[in-house]
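Read off the chains here:
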Amino acid sequence: MTSSNSSTCFLSFVIPVKDEAQTLANLYEGIFDAVKQVDGGLSFEVIFIDDGSTDDSWKQMSRLTEQYPETIKAIKLRRNFGKAFALSTGFSASSGDIIFTMDADLQDDPAEIPKFLDKMAEGFDVVSGWKSNRQDPLSKTLPSKVFNKITAVMTGVSLHDFNCGFKAYKKEVLEGIKIYGELHRYIPVLAHELGFISAEVSIKHNKREFGVSKYGWERYTRGMVDLLTVLATTRYLKKPGHLFGGLGVLAGIVGTLILSYLGVHWLVDESAIGTRPLFAVGILMVILSIQMVSIGVLAELITRHNDRGPSDSAIAEKRGCH
């Protein structure tokens, strides 16, 4: 159980919903039971966001808000905007000191909520769930493992499961982060770049009993594109010249090596190189190098001109006179 000082917290559960009418009542009951079992009890709210459902999800949410008006909020979006938009909408409507995100399909087990609270009591700002015994077919688990490994290496954030929707955040973490596209899976990375500390807990993963998965192979393609976006907007946001300049230098080295190789052939064998495809590649790489370095310099100038200094989200603590 969580320590007694966590009993003063107010929890918000932000839950995007897409055609999950059969699970909502059981999910709320599971959250209620888990929260009330924590030492001292906790106050909480559940925020359901209907992200363009075509079944009776909204009717079920409306019924639950009437049944539990003090603990449930329901928000209906005009159409399916995607999980990141739904989460952002829920974050804006939440009042909790700690904000949980969960999927609505009951594969995330509410009984694991105390694990997250215990971990946060140790001083962590973000706690991510890890479905160590995932109850999904190999066609989903294998690509996910590869994706998670690549993401961990490229971002330097050592999590086993970036795709897990079961996470907990201190409210101040989300106040400094804006998400769109598939960036919801990278919130721990974005938080890490702001100096917040992340941790991971192994959680139970239930087999899906209702509905169908809303994700296919295409989410990994979108996820990899958004991973590049995350890297560009975190590591290189304040130093774009390093990104574009680095790519330009790399292209220049490759182009120079190609042209040097062809130049040696021309001098030694006196063979024609102007019609060789490799010659065109070398020239193009050198031109690309010049363009990338030039873009990097311009990006640096724009960044310096628009830099407004540090934001409050980067400040961990203040003491003394203000």
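From a predicted model like this one, the values you see are computed outputs, not experimental measurements.

## Side note on helix α4 (residues 113-121)
- Inspection of α4 places I113, P114, F116, L117 and M120 among the buried residues, and these make up the whole buried set. Viewed end-on, α4 has its buried residues packed into an arc of 155 degrees, placing them on one side of the element.
- Buried residues belonging to α4 abut β1 (10-17), α1 (24-36), β4 (98-101), β5 (126-130), β6 (167-170) and β7 (198-202).
- Positive phi appears at G123, one or two residues downstream of α4, with a value of about 110 degrees.

## Points about the pairing of strand β2 (residues 43-50)
- Within β2, 7 of the 8 residues are buried, leaving the element largely enclosed by the surrounding structure.
- The sheet contact formed by β1 and β2 spans 8 bridges and is parallel. Looking at the pairing, L11 lines up with F44 of β2.
- Note on the crossover from β2 through helix α2 (residues 57-67) to strand β3 (residues 72-76): the handedness is right-handed.

## Some words on the sheet that holds β7
- The 7 strands are arranged β3-β2-β1-β4-β6-β5-β7 in an open sheet whose pairing can be described as mixed. Each of the sheet's edge strands pairs with one partner strand only, and the pair in question is β3 and β7. Along the sheet, successive strands turn relative to each other by an average axial angle of 20 degrees, direction set aside.
- Note: β5 against β6, 3 bridges, orientation antiparallel. Following the sheet pairing, V127 is matched in β6 by A168.
- Each of β1, β2, β3 and β4 touches helix α3 (residues 83-93); the most contacted strand, β1, lies at about 150 degrees to it.

## Section: α2
- Taken together, the buried positions of α2 are S57, Q60, M61 and L64. Seen along its axis, α2 keeps its buried residues to an arc of 100 degrees; they face one direction. In α2, those exposed residues whose orientation departs by more than 90 degrees from the buried face are K59 and E66.
- Buried residues belonging to α2 abut β1, α1, β2 and β3.

## Brief notes about empty space enclosed by the protein
- Across all of its chains, the model carries 1 cavity of 30 Å³ or more by this definition.
- When its volume is computed, the largest cavity comes out at roughly 80 Å³.
- As for the largest cavity, its lining consists of K83, L87, T101, F162, N163, C164, G165, K167, Y169, H184, R185 and I187.
- Going through the elements one at a time, α3 and β6 are the ones with two or more residues in the lining of the largest cavity.

## Focus on the confidence of the model for the chain
- On average, residues of the chain score 82 in pLDDT, and 83% of them reach the 70 mark or higher.
- For the chain, helix α8 (residues 218-234) is the element with the lowest average pLDDT, namely 71, and β4 is the one with the highest, namely 96.
- For residues 1-7, every residue scores under 50 in pLDDT, and the model assigns this stretch 16 contacts once sequence neighbours within four places are set aside.

## Re the packing of aromatic side chains
- If you walk through the whole model with that rule in mind, you get 11 aromatic pairs.
- Geometrically, the ring pair formed by F13 and F44 is edge-to-face, given 6.3 Å between the ring centres and 80 degrees between the ring planes. Within this pair, whereas F13 is found in strand β1, its partner F44 is found in strand β2, the two being separated by 31 residues in sequence.
- Accessibility expressed as a relative area gives 0% for F13, which makes it buried.
- Given the relative accessible area of 5%, F44 is considered buried.
- An aromatic cluster of three or more residues is present, and its members are F13, Y28, F32, F44, Y68, F100, F116 and F166.

## Some points on the side chain of Q60
- Tracing the backbone through its elements, the reader meets Q60 in helix α2.
- When its relative accessible area of 17% is taken as the criterion, Q60 is described as buried.
- Every residue in contact with Q60, bar those within four places of it in the chain, is listed here: A21, L24 and A25.

## Quick notes on a nonpolar patch on the surface
- Together, V249, I253, L257, V293, V297, L298 and L301 make up an exposed nonpolar region whose accessible area comes to about 640 Å².
- Elements with a contribution of two residues or more to the nonpolar patch: α9 (240-269) and α10 (277-306).
- Sort the elements by how many residues they give to the nonpolar patch and α10 lands first, with 4 residues.
- Note that L298 resides in helix α10.
- You can call L298 exposed: its relative accessible area is 52%.

Rules of the game
Numbering of residues starts from 1 in every chain and runs along the sequence as written. Local features in a predicted model are, by the rule used here, given only for residues with pLDDT of at least 70; side-chain atom pairs are given and counted only at 80 or more, and totals for whole chains, interfaces and linings are based on all residues. Side-chain measures here rest on the full set of heavy atoms in the structure, leaving out hydrogens and waters. Relative accessibility thresholds used throughout: buried, under 20% of the residue-type maximum; exposed, over 50%; partly exposed, between the two (1.4 Å probe, protein chains only). The numbering of helices and of strands both runs from the N terminus, where a helix is a DSSP run of H or I of at least 4 residues and a strand a run of E of at least 2. Note that the arc is computed from the directions linking the helix axis to the C-beta atoms. Here, residues are in contact when the closest pair of their heavy atoms is within 4.5 Å. Strand pairing follows a simple DSSP-based rule, namely that at least 2 bridges must link the two strands. Looking down the strands as they point away from you, a crossover is right-handed if its path from the first strand over the helix to the second goes clockwise. Fitting a line to C-alpha atoms yields each axis, with helices limited to the stretch in contact; the angle taken between N-to-C directions then spans 0 to 180 degrees. Grid spacing is 1 Å over the protein atoms alone, the probe is 1.4 Å, and a cavity is where that probe fits but cannot get out, while a pocket is an open set with protein on both sides within 12 Å along at least five of seven lines and lining residues have an atom within 4 Å of a point. Grid points are joined across faces, edges and corners, and a volume is the space filled by probe spheres set on the points. pLDDT measures how confident the predictor is about each residue, on a scale from 0 to 100. Ring pairs are drawn from Phe, Tyr and Trp, using the six-membered ring of Trp, whenever the two centres fall within 6.5 Å, and their geometry is named by plane angle: stacked under 30 degrees, edge-to-face over 60, tilted for the rest. The patch calculation keeps residues exceeding 30% relative accessible area without a salt bridge and links them within 9 Å when they carry like charges or within 5 Å when they are nonpolar (Val, Leu, Ile, Met, Phe, Trp, Tyr). Accessible surface area values rest on a Shrake-Rupley calculation with a 1.4 Å probe, where residue burial reflects the displayed protein chains alone. The salt bridge criterion pairs a side-chain nitrogen of Lys or Arg with a carboxyl oxygen of Asp or Glu, the two atoms within 4 Å.

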